[in-house]
Number of protein chains: 2
Amino acid sequence: MVRMSAEERRESVIRAATAEFGRGGYHGTSTEAIAKRVGVSQPYLFRLFPGKKAIFLAAAERCVEDTIRTFAEASAGLEGEEALHAMADAYTEVITERPEQLMMQMQMYVAVAAAEQEGDHEFGEAVRAGWMRLWDTVHLPLGADVNETTTFLAYGMLVNCLAGMGFPPEHRVWEGLYPSARLKGRLER
Amino acid sequence: MVRMSAEERRESVIRAATAEFGRGGYHGTSTEAIAKRVGVSQPYLFRLFPGKKAIFLAAAERCVEDTIRTFAEASAGLEGEEALHAMADAYTEVITERPEQLMMQMQMYVAVAAAEQEGDHEFGEAVRAGWMRLWDTVHLPLGADVNETTTFLAYGMLVNCLAGMGFPPEHRVWEGLYPSARLKGRLER
DNA sequence: GGAGTAAGTTAGTACTCAATCACTAACTAA
DNA sequence: TTAGTTAGTGATTGAGTACTAACTTACTCC
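Residues numbered from 1 in each chain as written. Chains lettered and ligands numbered in written order. Predicted model: local features only at pLDDT ≥ 70, side-chain atom pairs only at ≥ 80, totals over all residues. Heavy atoms only, no water.

A. The interface of chain B and chain A, seen in detail. In this assembly, 43 residues from chain B lie in contact with 43 residues from chain A. Of all residues in chain B, Arg23(B), Val110(B) and Met165(B) bury the most surface against chain A, accounting for 18% of the area lost on that side. On inspection of chain B and its partner chain A, the count reaches 2 salt bridges. Where Asp136(B) meets Arg172(A), a salt bridge forms, and the shortest distance between an N and an O atom there is 3.5 Å. At the junction of chain B with chain A, the criterion picks out 7 residue pairs in polar contact (both at pLDDT 80 or more). If you list the elements that add at least two residues to the side of chain B that touches chain A, you get α1 (6–24), α6 (99–117), α7 (121–139) and α8 (146–165) of chain B. Of all the elements, α8(B) adds the most residues to the side of chain B that touches chain A, at 13 residues. Considered class by class, the residues forming the side of chain B that touches chain A number 23 nonpolar, 13 polar and 7 charged. (Contact = heavy atoms within 4.5 Å. Buried area = accessible area lost by both parts, 1.4 Å probe. Salt bridge = Lys/Arg side-chain N within 4 Å of Asp/Glu carboxyl O. Polar contact = N/O pair within 3.5 Å; in protein donor to acceptor, adjacent residues only side chain to side chain. Helix = DSSP H or I, 4+ residues; strand = E, 2+ residues; numbered from the N terminus. Nonpolar A, V, L, I, M, F, W, Y, C, P; charged D, E, K, R; others polar.)

Dropping the structure here:
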């Protein structure tokens, strides 16, 4: 048994929760599954977090932060086509290296509808606010062009969905989507 | 009590399931909720369908078919910019008039990951096959241009996600996304 | 009008899962 | 060394839920 500080454990829980919730969504994931992945007893999760919802929320928030940071770091000091290229590449890396983060994102978007209907508007507010921060983060490097920003995010969403659906990398749906190929298309026009 | 033929009831169940699954996803929706919406006892669902999974699958399949039909009908006899415009308008109508269909779509995409991990590759196959049919359906009217098709679908996915997140129609995230505005942007370039 | 069938219900079972409680083991500072 | 704190566990509970079995009610056709 490895003892950790509560703060460190909370970090592990967030990582485990991202993976588990990303796979099964809020309702499709048991707290036991998260606990098992962390390597800790299930009841202990309720010492570290007030409840299952709080764990989901923490994972969701972390997920948004990470994505924003990814784009911010990738585009630092760049603008226009260069920033676009850098951010697209960075995102491609996230997809391949940390697919659980992207699935968690999808689950988060999808969980809003249910929360909203249950009268929990706070969660929706948080998710929308996170999205707007993400929006602004990519907006500036892309030359503050609304159409450019929207297109970039749209491609990102398509990538999320295709990856979620489990299309293998060689599949033709990815044609015209991989950043390099897409940029190639843009430059040839 | 209104008696219906089993076939009619199955139709009602599919409609109700689309709404309920669209809101809560597979695990977040109880068969009782579906039964209540249909106006029938919960165990009776298991006469009409072999199990909960079968209901989800039926709703998912119907959802894909409807979306494909929407695009096929909208683009009938048109091509290029006109087809693009018509399909985008038709989709906008779906979003506003039948949001449950769009949420069901999202839930379907997201459910694949879980199914895949549980060893159920059939579901993933079905969803991917549905996507490819959708892809081909919009591909032809858009002049069989891969980049054009990808972009169109990407915008569709962004719309799905934004709607799922519950952004109100006036919100600035929709700028540069509503078909007319977008087309305007395209024509001004 | 009664036999057969198709539509539908009530009652119940086996199981999962979030959350609580009461407890123990390890670290730390005086 | 000991008093107090922090990390962690095992047992349990109560609510919810997919699914089954046995029964009932309405329609239809001879």
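Having seen the model, we can carry on.
B. Representation of the nonpolar core. Core analysis: the biggest nonpolar cluster contains 124 residues, and Trp131(A) and Trp131(B) have the highest contact counts within it. In this structure Trp131(A) touches Tyr109(A), Leu153(A), Met157(A), Leu158(B), Leu162(B), Met165(B), Phe167(B) and Val173(B), once residues within four positions along its chain are discounted. (Core = buried A, V, L, I, M, F, W, Y, C linked by side-chain atoms within 4.5 Å. Buried < 20%, exposed > 50% of the residue type's maximum accessible area, 1.4 Å probe, protein only.)

C. Spotlight on the pattern of salt bridges. Under the definition given, this model contains 19 salt bridges over all chains. Two residues, Glu11(B) and Arg62(B), come together in a salt bridge whose shortest N-O distance is 2.8 Å. With Glu11(B) in helix α1 and Arg62(B) in helix α4 (residues 52–75), the pair connects residues that are 51 residues apart, well separated along the chain. Between Arg128(B) and Glu125(B) there is a salt bridge, with its nearest N and O atoms 3.3 Å apart. With Arg128(B) and Glu125(B) both in helix α7 and 3 residues apart, this pair spans about one turn of that helix. Residue classification places Arg128(B) among the buried positions, given a relative accessible area of 9%. When salt bridges that share partners are traced, they join Glu20(A), Arg23(A) and Arg37(A) into one network.

D. Layout of empty space enclosed by the protein. All names here are of chain B. The full count for this structure, using the stated rule, is 7 cavities of 30 Å³ or more. In this model, the second largest cavity occupies a volume close to 90 Å³. If you go around the second largest cavity, the residues you meet are Thr67, Phe71, Tyr91, Gln105, Tyr109, Trp131, Leu134, Phe152, Leu153, Gly156, Met157 and Asn160. The set of elements that each furnish at least two residues to the lining of the second largest cavity consists of α4, α6, α7 and α8. Here the element with the most residues in the lining of the second largest cavity is α8; it accounts for 5 residues. Tallied by class, residues from the lining of the second largest cavity come to 8 nonpolar, 4 polar and no charged. (1 Å grid on protein atoms, 1.4 Å probe; cavity = no way out; pocket = protein on both sides within 12 Å on 5 of 7 lines; lining within 4 Å. Points joined across faces, edges and corners; volume = space filled by probe spheres on them.)

E. Highlighting the protein's contact with DNA strand D. Contacts to DNA strand D come from 22 residues, most closely from Ala6(A), Ser41(A), Arg47(A), Thr31(B) and Lys52(B). In DNA strand D, atoms within 4 Å of the protein come 60% from sugar and phosphate. Tyr44(A) is positioned such that a nitrogen or oxygen atom in its side chain is 3.1 Å from a phosphate oxygen of DNA strand D. One of the backbone N or O atoms of Lys52(B) is found 2.7 Å from a phosphate oxygen in DNA strand D. At the level of elements, α1 (6–24) of chain A together with α3 (45–48) of chain B are the ones that each hand at least two residues to the surface near DNA strand D. Taken together, the residues of the surface near DNA strand D sort by class into 9 nonpolar, 7 polar and 6 charged. (Near = heavy atom within 4 Å.)

F. Expanded view of the layout of surface pockets. If you add up the space inside the largest pocket, you get close to 800 Å³. Together, 39 residues line the largest pocket, and Gly24(A), Gly25(A), His27(A), Gly24(B) and Gly25(B) are the ones closest to its centre. Elements that contribute at least two residues to the lining of the largest pocket include exactly α1, α4 (52–75), α6 (99–117) and α7 (121–139) of chain A together with α1, α4, α6 and α7 of chain B. Split into classes, the residues belonging to the lining of the largest pocket amount to 19 nonpolar, 10 polar and 10 charged. The space that makes up the second largest pocket amounts to roughly 690 Å³. Looking at the second largest pocket, it is lined by 38 residues, and the ones nearest its centre are Ile95(A), Leu102(A), Val159(A), Asn160(A) and Ala163(A). Going through the elements one at a time, α1, α4, α5 (81–97), α6, α7, α8 (146–165) and α9 (179–188) of chain A together with α6 of chain B are the ones with two or more residues in the lining of the second largest pocket. By residue number, the principal contributor to the lining of the second largest pocket is α8(A), which donates 9 residues. Within the lining of the second largest pocket, the residues separate by chemical class into 24 nonpolar, 9 polar and 5 charged.

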